[in-house]
Each structure stands twice: as structure tokens, then as C-alpha cells.
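Okay, here's what each chain looks like letter by letter:
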Amino acid sequence: MNRNRGVTGPKGFRAAGVAAGIKDSGALDLALVVNAGPGQAAAGVFTTNQVKAAPVLWSQQVLRERRLRAVVLNSGGANACTGPEGFQDTHATAEKVADVLGVGAIEVAVCSTGLIGERLPMDDLRAGVEKAAQELADTDRAGLDAATAVMTTDTHPKQSWQDHPGGWSVGGFVKGAGMLSPNMATMLSVITTDAALDGDALDAALRRVTARTYDRLDVDGGTSTNDTVLLLASGASGATPDPEEFASVLEAVAHDLVKQLQGDAEGMTKEVSITVNGALTEAEAVEVAKTVAEDNLVKTALFGSDPNWGRIAMAVGRSRATVDQHRLGIAMNGVTLFADGHKAADRGEADLSGRDVDIVVDLNLGDGTATVLTTDLSHGYVEENSAYSS
């Protein structure tokens, strides 16, 4: 896995990241990713939140055609809960990109991230689009600038790229540090490939991979109004991969991006993996793991490096999955602390002093298994989110 390359790693893609003036800090805040083809197949997965930002509503519409020529993304404002005017701003953004690139607005996806409830400074945004179009390049630096321009509370850009011996590759970037509970986090991700695949194939692969990667990260239970993952295929390699091989490489890139999200989550001091085995179904395993991941008593104990398995047992039991406490087992960092309904070891035997915490819950009821990634709940998280809008 190569983290020095991203969306411009695959052939046929150019990108740019510029300072449009949306952020008062003067930091990069507008990104443009362009697919030069010859193919323009695309697919997208979006937030399940019933309160959807204007860019999500727009991009969902244009992706009905499973075709994109460009994606424009801004940080510094979510353009969510902004009414009909906010949707008009999104439409105007797509039209501006279409105008400078000589394509149709229906071929342009729009993504935004930042504070909810404020209109975007459209004059600055339009000028930023023109600037980004002038700076488009297929270099690693251009891809990195694009990944940087979408950051909000992220401390560093996050990108990944993987080559395949068959002559094609997959690359992408992601942003997100808080409000992270992807149902399909605030999270935006653009993934590119030079494989020759149609929109239906991309859609099937993306939905399968998203369910096992982006949707398995749960930092704080907050499903953003703006969550978007886009997959674009240029076909520039001329290679049409086996669907299973393509999904495997796509999943590897997505998993790497998700691990980077986890490692940069707001205020985190622990990277936590919660694996549930022996559930009746995979869906019930996910339900248990996410309930544990979102539980504040569990998360605060982890911040204190306290192997308090009783809080985990409580969270497992309040989930909506089938649980038998007399079959339940809980291990932390390799030490089984609870088994068959009773204490199995002194909790002090589990060392949680390091950054990585591995929790394994055995339900012993079936074959369902799943792993969810999360973090602890620290003073830093509370402080950062209590002052976010100021």
C-alpha cells in the first residue's frame, strides 16, 4: 500500500487543491478531481441520515446515470440545512465546473464539509473553481493538494494507492475526524481507478466494500449529513479486471483509508478494534460491535486504560442482537476476562497502556462475525467538539 499516492495514481485522472477563500485561515479549501477518460463510469454511496446536505441531494441525482467527469469538493462549509438556496448554490457550483471544463453539469458531483447551517461564499467558490481548473495536474503533488483541501479538523491528509499486476490500479483520499459513524462519517472520500468497468460493476463493488470498511468505523455514533464516497473509473489502463480481484484491491485501499481515519480521530488516544464472533448472523455481530463501540462508559474506561470488561458486557447485553450471558466471553488484548457467564481472570492481567486495544466478544451462538473500529473518549474530544463552531 502506497500512501504517497492517491486519486492521481491511476491513469486518466487530474486533480488540484487550492485556497479559494472559503476558510478564513487561507488554507486550501477547494479540490477538483477530473476524469479524462476514455471511460466515465462512476458510482456513489451516501449518508443514511434523513437530514441530507444539498451536495448529497445533487450528487445522488446525477449519479443515477452512473457517469461522472468531475468531482468538486469544498471544506469550510457543509451547505447543509440551507434550504432551496443551498441547493441552488450546489447546482451553480456544478454548472461552474461544467463551464470551465466544457462538460455537462449532470456529469459533475459536488461534495461539501464543514459547519452546518451556513451558506457558502459563492463568489469565492466560483473563483476557486477557475483557479483549480488552471492548476489541474496528474502528479502526486496535485493529488495530495486535493486530499489536503478537504480537511476540516483532520490533522493531516489521508490518501492511499495500490497497483495490480494486471496493469490497473486503485487510489483515493478521505477526510474525517469527528461525527464519524458512517452509515454510509463528517466523511468524504473519492476513489479512482483506471480499470475498464461499467457503472453497474462499480456500484456493486463499492456497496460491498463500503459495508465492510467505511461502515465499520464508529468513532462517536454521529452520522453526518454530508457523508459521501465516490468511485470513478477512467478505463485508461485498457484492462477489465475480474470482479472479485477488483473488489479485493478496492477493499484494501478503502480499509487503509479507514485505518487512517481512525488514527486521526478527534482527541483519540486509543485505536480500538472490536471483533464479535459467534453471532447468529453477520448483521447481529455488527450490531453488537457497534453498540460496544458507541458506549461512552466503555470509551471512557478505555481512555483510562481500564480493562473494565463489565462495561463491555453491559453494552453487549443492551444491543438488539440475541445474547446468552451464560455463553458470553470477553477478551481484551489477548486475555480472556469473562467466560461462560462469570469472571475468568483478574482484569489487571490485561494491559491497555498502549495505543492499540483489541476487544474480542464471543457470543457462541452461531457463525456470524464482524469487526468494528473505534476510539476512546478523551478530554481532547470533548474540548474540540465543544468549541467546533467557534
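Residues numbered from 1 in each chain as written. Predicted model: local features only at pLDDT ≥ 70, side-chain atom pairs only at ≥ 80, totals over all residues. Heavy atoms only, no water.

What about the side chain of serine 224?
Then step 1. Summarising the element assignment, serine 224 is placed in the loop between α5 (199-212) and β9 (228-233).
Then step 2. Residue classification places serine 224 among the buried residues on the basis of a relative accessible area of 1%.
Then step 3. Among the polar contacts listed, one links the side chain of serine 224 to the backbone nitrogen of asparagine 226, at a separation of 2.9 Å. (Helix = DSSP H or I, 4+ residues; strand = E, 2+ residues; numbered from the N terminus. Buried < 20%, exposed > 50% of the residue type's maximum accessible area, 1.4 Å probe, protein only. Polar contact = N/O pair within 3.5 Å; in protein donor to acceptor, adjacent residues only side chain to side chain.)

Some words on the nonpolar core
Generally speaking, a soluble globular protein has its nonpolar side chains buried in company with each other.
Then step 1. Membership of the largest hydrophobic core comes to 48 residues, with the highest contact counts inside it found for Val71, Leu73 and Phe173.
Then step 2. Residue contributions to this core peak at 5 residues, all from strand β2 (residues 30-35).
Then step 3. If you look at the next biggest cluster of nonpolar residues, it comprises 33 residues, including Ala313, Met332, Ala345 and Ala370. (Core = buried A, V, L, I, M, F, W, Y, C linked by side-chain atoms within 4.5 Å.)

Structural notes on the sheet that holds strand β5 (residues 108-113)
Then step 1. Strand order in the open sheet formed by 4 strands is β1-β2-β4-β5, with mixed pairing between adjacent strands. With one partner strand each, in any of the chains shown, β1 (13-18) and β5 form the two edges of the open sheet. Each neighbouring strand pair of the sheet contributes to a mean axis angle of 10 degrees, computed without reference to strand direction.
Then step 2. In the packing of helix α2 (residues 83-101) onto the sheet, the strands contacted are β2, β4 (70-75) and β5, and the crossing angle to β5 comes to about 130 degrees.
Then step 3. Contacts between helix α4 (residues 140-149) and the sheet are confined to β1, β2 and β4, with β1 contributing the most and set at about 50 degrees to the helix. (Pairing = 2+ DSSP bridges. Axes fitted to C-alpha atoms, helices over the stretch in contact; angles between N-to-C directions. Contact = heavy atoms within 4.5 Å.)

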